[in-house]
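In case you want the letters, here they are:
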Amino acid sequence: MAPRASWKGHIRLSLVSCAVKMFPATSTSERISFNQLHKDTHNRINMKPVDPELGLVERSDLVRGYEYEDKQYIIIEDSDLDAVRIESNHTLNIEAFVDESEVDVIYQDAPYYLAPDGAMAEETFVVLREAMRKAGKVAIARLVLSSRERVVTIGARENGMFVTTLRNPNEVRGTAEYFGNVPVGKPDPEMLDLAQKLIEQKVTHFDPKAYEDRYEVALMAMIKEKLKGHKPIIAAAPERGNVINLMDALKASLGEAKPAAPSKAKAPAAPKESAAKASLKAALEASKAAAPKAASKKKA
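Notes on the structure in this doc start here. (Residues numbered from 1 in each chain as written. Predicted model: local features only at pLDDT ≥ 70, side-chain atom pairs only at ≥ 80, totals over all residues. Heavy atoms only, no water.)

1. A closer look at helix 2 (residues 119-135)
Thought 1: Here helix 2 contains 17 residues, and its C-alpha end-to-end distance of 25 Å stays within 8% of the 24 Å for a straight helix at 1.5 Å per residue.
Thought 2: When we look at burial in helix 2, the residues that qualify are A121, F125, L128, R129 and M132.
Thought 3: Taken from the residues just after helix 2, G136 is the one with a positive phi, measuring 65 degrees. (Helix = DSSP H or I, 4+ residues; strand = E, 2+ residues; numbered from the N terminus. Expected span 1.5 Å × (residues − 1). Buried < 20%, exposed > 50% of the residue type's maximum accessible area, 1.4 Å probe, protein only.)

2. A word on the sheet that holds strand 9 (residues 108-116)
Thought 1: Strand order in the open sheet made by the 8 strands is 7-1-2-9-12-11-10-8, with mixed pairing throughout. The sheet is open, and its two borders are formed by strand 7 (91-93) and strand 8 (96-99), each paired with just one other strand. Neighbour-to-neighbour, the strand axes of the sheet open up by a mean angle of 40 degrees, direction not taken into account.
Thought 2: Packing against the sheet, helix 2 makes contact with strand 1 (7-13), strand 2 (16-24), strand 8, strand 9, strand 10 (137-145), strand 11 (148-157) and strand 12 (160-166), and its axis sits at approximately 80 degrees to strand 2. (Pairing = 2+ DSSP bridges. Axes fitted to C-alpha atoms, helices over the stretch in contact; angles between N-to-C directions. Contact = heavy atoms within 4.5 Å.)

3. Here we look at the side chain of T91
Thought 1: With respect to the element layout, T91 can be found in strand 7.
Thought 2: Ignoring sequence-local partners within four residues, the contact set of T91 consists of W7, H10, R12 and R142.

4. Some thoughts on a nonpolar patch on the surface
Thought 1: On the surface, a nonpolar cluster with roughly 350 Å² of combined accessible area is contributed by Y66, Y68 and I74.
Thought 2: Tracing the backbone through its elements, the reader meets I74 in strand 6 (residues 72-76).
Thought 3: The partly exposed category is assigned to I74, whose relative accessible area is 44%. (Patch = residues over 30% accessible without salt bridge, like charges linked within 9 Å, V, L, I, M, F, W, Y side chains within 5 Å. Areas by Shrake-Rupley, 256 points an atom, 1.4 Å probe, with all protein chains shown as cover. Salt bridge = Lys/Arg side-chain N within 4 Å of Asp/Glu carboxyl O.)

Structure (structure tokens):
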């Protein structure tokens, strides 16, 4: 069965335009979901609309309301929404082009695929796609989805185009409330070097298939056991080790502690190493030790 387009219209750049259709690029249909049942009958519960004065009401009697003051509503009819006609209802009008790196990831919302709608549109579509690809830019446009205008980016992707809806600036919270008390100063150079080495040891190529949803897998295993009539086995979380304190970290990074050589004169006490630095050293050593094991598993 061919996928159903969630939006159809035209993409336009100045006087150049072609018919296009847009499809959601992601799906949640494979996620495990639960229904609400009555505890005795196991019948699925129906969510019915209830009016505080009238009790149960028919859905056909429901209307849209906008709350302009507390518990004060203005009724919005279908004809009112139809009257709000703007160009982006049916046209992706390209307003500008920017570098993709300029679009902060925090503004990126839902992804869609964009394809030509019919053979007549293919030539123009391909020209626009390749022009954006060669320029290394993404387009900024607007379109109406679910009765709301959204600003979107459009870029070339394989044989088609990729559309991402963007959040409105008033939907994005500022950082001051969360990062205001985080120190800005430069970190200890040795600690920074240790952290960079830890990062270098774990650099790889991103493969989304390597990061399966372990909770979803465990959830399905539990469901299958229940279907067989078995009592689910409680799976403990994998051991991650205890938080390393300063002494453990020093031992792990420096090896087995050796007794100090006897001396008549008492040596001056060495400055204490911070717990953070000791933990970084210990983590680096542990990472080095784990690397050969991981490599041998891959060979096997």
